Amino acid sequence: MIENLKKDCSKRFSSHGYPTRKEENWKFTSSRSLAKFENDVSQKPKIDHLDIDNNTILFVNGILDQRTLKNFKHNDKLKVVDLSILKEKSTLKFSENFIKDSVFNLGVMDFKEGFYFEFDKNLVLDEPIKLVNYYNASKDFSRITSFNIFHVQSGSEISFIENDINDGESSFNLKLNKFISEKNSVLKFGKFYQGKGNNHLLSYNYFTLKKDSVLKIDALNKESIFNKEFIEVDLEETGCDVNISILNLGKKNDHLDNNILINHNAESCTSFQHVRNILDNDSSAVFNGKVIVSEGAQKTDSNQSNKNLLLSDTSNAYSNPQLEIYADDVSCGHGSTTGALNEDSIFYLRARGIKKSDAIKILIKAFAKEVIDEFSLSSIQDISEIALDNWINEKH
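These numbers were taken from a predicted model, which means no experiment stands behind them.

Asks: I keep staring at the pattern of salt bridges and nothing clicks. Help me out?
Replies: Should the charged atoms of two oppositely charged side chains come close, the side chains can pair. Across all of its chains, the model carries 23 salt bridges by this definition. For the salt bridge of K112 with D40, the shortest nitrogen-to-oxygen distance reads 3.5 Å. Separated by 72 residues along the polypeptide, K112 in the loop between α5 (102–110) and β4 (114–119) and D40 in the loop between α1 (2–16) and β1 (56–60) bring together distant segments of the chain. With relative accessibility at 43%, the residue D40 sits in the partly exposed group. The salt bridge involving E162 is made with K175; its shortest N-O contact spans 3.2 Å. One end of the pair, E162, is in strand β7 (residues 157–168); the other, K175, is in strand β8 (residues 171–181), and 13 residues separate them in sequence. You'll find E162 and K175 in the same group, each marked buried. Look at the salt bridges and you will find they share partners, linking E162, D164 and K175 into a network.

Asks: Would you mind going over the pairing of β4 with me for this structure?
Replies: Regular strands place side chains that alternate from one sheet face to the opposite one. Counting buried positions along β4 yields 6 of 6 residues, so the element is predominantly enclosed. With burial as the criterion, each face of β4 is covered, one bearing G114, Y116 and E118 and the other bearing F115, F117 and F119. Of the pairings in the sheet, the one linking strand β3 (residues 78–82) to β4 comprises 5 bridges and is antiparallel in character. Across the sheet, residue V81 finds its bridge partner in β4, namely Y116.

Asks: In this structure, what is going on with the side chain of S31? I would like to understand it.
Replies: With respect to the helices and strands, the residue S31 is situated in the loop between α1 and β1. A residue is classified by how much of its surface remains accessible, and S31, at 4% relative accessible area, is buried. For S31, the side chain forms a polar contact with the main-chain oxygen of P19, separated by 2.6 Å. With sequence-adjacent residues up to four places away left out, S31 is seen in contact with Y18, P19 and W26.

Asks: Would you take a moment to explain helix α7 (residues 356–372) for this structure?
Replies: Since the α-helix advances by 3.6 residues per turn, residues separated by three or four positions end up pointing in the same direction. In this model, α7 (17 residues) spans 24 Å end to end at C-alpha, consistent with the 24 Å of a helix rising 1.5 Å per residue. Where α7 is buried, its residues contact β13 (241–250), β15 (270–279), β17 (300–310), α6 (343–350) and α8 (378–393).

Asks: What's the story with α8 in this structure? I'm lost.
Replies: The terminal C-alpha atoms of α8, which comprises 16 residues, lie 23 Å apart, in line with the 22 Å expected from a rise of 1.5 Å per residue. I380, S384, E385, A387, L388, W391 and I392 are the residues of α8 that are buried. Summarising the contacts, the buried residues of α8 are in contact with β7, β9 (186–194), β11 (214–222), β13, β15 and α7.

Asks: Even after reading the chapter, I still don't get the packing of aromatic side chains, so can you show me in this structure?
Replies: Two aromatic rings, taken as a pair, are described by how far apart their centres are and by the angle between their planes. Tallying each qualifying case throughout the model produces 25 aromatic pairs. Taken together, a centroid distance of 5.4 Å and an interplanar angle of 65° make the contact between F104 and Y204 edge-to-face. Of this pair, F104 sits in helix α5 while Y204 sits in strand β10 (residues 200–209), and the two are 100 residues apart along the sequence. Overall, F104 belongs to the buried group, its relative accessible area being 1%.

Asks: Looking at this structure, I do not really get the sheet that holds β9. What am I missing?
Replies: Neighbouring strands of a sheet are bound in pairs by backbone hydrogen bonds; such pairs are parallel or else antiparallel. Across the sheet, 10 strands lie side by side as β2-β1-β5-β7-β9-β11-β13-β15-β17-β20; this open sheet has mixed pairing. In the strand order of this sheet, the two ends are held by β2 (63–64) and β20 (330–339), each with one partner. Docked against the sheet, α7 engages β13, β15 and β17, running at close to 155° with respect to β15. In this fold α8 packs onto β7, β9, β11, β13 and β15, with an angle of close to 20° to the strand it touches most, β11.

Asks: Please clarify how the nonpolar core should be interpreted in this entry.
Replies: Within soluble globular proteins, side chains that are nonpolar generally end up buried alongside one another. The biggest cluster of nonpolar side chains holds 42 residues, and the ones touching the most others in it are F117, I129, F160, F207 and V233. Discounting chain neighbours no more than four positions away, the residues touching I129 are N55, I57, F72, H74, F119, I158, S159, F160 and I161. Judged by nonpolar contacts, the second largest core, of 31 residues, contains I2, W26, F172 and Y206.

Asks: Explain the environment of N243 to me, please; I cannot follow it from the model alone.
Replies: Looking at where N243 falls in the secondary structure, it is placed in strand β13. Look at N243 and you get partly exposed, because its relative accessible area is 22%. Remark: the alpha-carbon pair of N243 and H274, spanning 31 residues in sequence, is separated by 8.1 Å. Beyond its immediate chain neighbours, meaning those up to four positions away, N243 contacts L215, K216, I217 and F272.

Asks: Got a minute to help me understand unusual backbone geometry in this structure?
Replies: Here E223, not a glycine, exhibits a phi torsion of approximately 55°, which is positive. Mapped onto the fold, E223 is located in the loop between β11 and β12 (226–235). For N281, which is not a glycine, the phi torsion comes out positive at approximately 55°. Tracing the chain through its elements places N281 in the loop between β15 and β16 (284–293).

Cut-off values and rules
- Residues numbered from 1 in each chain as written.
- Predicted model: local features only at pLDDT ≥ 70, side-chain atom pairs only at ≥ 80, totals over all residues.
- Heavy atoms only, no water.
- Salt bridge = Lys/Arg side-chain N within 4 Å of Asp/Glu carboxyl O.
- Helix = DSSP H or I, 4+ residues; strand = E, 2+ residues; numbered from the N terminus.
- Buried < 20%, exposed > 50% of the residue type's maximum accessible area, 1.4 Å probe, protein only.
- Pairing = 2+ DSSP bridges.
- Polar contact = N/O pair within 3.5 Å; in protein donor to acceptor, adjacent residues only side chain to side chain.
- Contact = heavy atoms within 4.5 Å.
- Expected span 1.5 Å × (residues − 1).
- Phe/Tyr/Trp six-rings, centres within 6.5 Å; stacked < 30°, edge-to-face > 60°.
- Axes fitted to C-alpha atoms, helices over the stretch in contact; angles between N-to-C directions.
- Core = buried A, V, L, I, M, F, W, Y, C linked by side-chain atoms within 4.5 Å.

Below, the structure is given as C-alpha cells:
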C-alpha cells in the first residue's frame, strides 16, 4: 500500500516541482529556499544527552527510536505497526488538498520509516504524551522527513505535546502526521516550537473526527526563519467540536505561516480558530484560514479570528480568512485586525507612573495572553508564559 502511494507522490512531485507563489496556499511564502536542502541524513546521532523519560515517544532524524519506545510506560495499551506493512487503505488516506500540494508529495516519497500508533479503546490518560523530534544533521542543508499516523480509539482521552530539538547543521525538517479520532474521543495536541539558525520547518497535520469527538490544538511558535504549518480537519460525523489556538512570535527576519482548513461535512459541529501574531523587526506572518460548510451540514457554528500586532514599520502580516458555505442553517463568522500598539493605552499607563518601555511590555503581554489563556493544556500554557516573557525582555 505505502509503496504505491510513494510511487504516485513521486510522479506528482517530479511533474510539478516546488510550488510557486501563483498557488493559493503559497502566495505569501516562497518555497525557493527549500530546494537548497538536498543532502541526506545518513548517520544516526548520539542521544544519550537527551532527557527522555518513560512518557516520551522519540523520533531521531525523523525515525522512531525503538530503544526509548521499549521504555514507554503505556506500551501495553499501544499497538505500533510499520507503515510498510499497513494494509488498511483508509488509514493511509490523506486529504485531496494535501495530495495536490507538491511538497507533501515530496515528503511521502522521501520518508525512510514511518509508523502507525493505535491506542486502546476507552483509554484515559491524565498526563500528556511527549512527542520529541530530535534533529541533528551532520551536513549543512540536509532534508529530514517523517511520516506517522496516530489513532485515538472511541471513548479515549489522550493528549500529545510535540517538541522539536534542533542540533547539528542546518536542516529542512518536513513532518507529515495524521490523527484519527473515533467517536466520543478527546484529542488534545499541543506544540511548542523555537527555531534555531537556518533550520526550516514545514509540517502537514491532518485530523479526521468521528461522532461527538473533540479536538483541541494549542501552539506557540517562537522565532523561526521558515515555519509553515498546514492543518486540515475533517468533521465527518455529527457533534464534533474543534478549537485551534495559536500564538506566533517573530523577530529579525522570521517567517511564520499558518494554513488552516476545516471541512464541516456533518451537521451540528462547531469549530473555532484563534491565531495571533506579534511581529518585530523584519519578521512576517501569514494566516490563511478557511472553513468549508458542506451541503447538509446544518446547525454548523464556526468562527475565525486573526489578530496581528506589528511592533515595527518593517514587519508584515498577511491575513486571508475565508468561508465557503453550502448550507443555510449555520452561524459562521470571521474577523481580522492588524495594527501597532495603541498610543492612548501607552499614554494611560505612563500617566500612572509606568515607564514607556514597561508600558509596551505590559500591552504586548496582554495581547498575547488572550490566546494563551485559551490553551487547553496547562503545560503548554506554562511553557508559553515563560517563552513570552523571555521574548519580550530580549533586546530587539
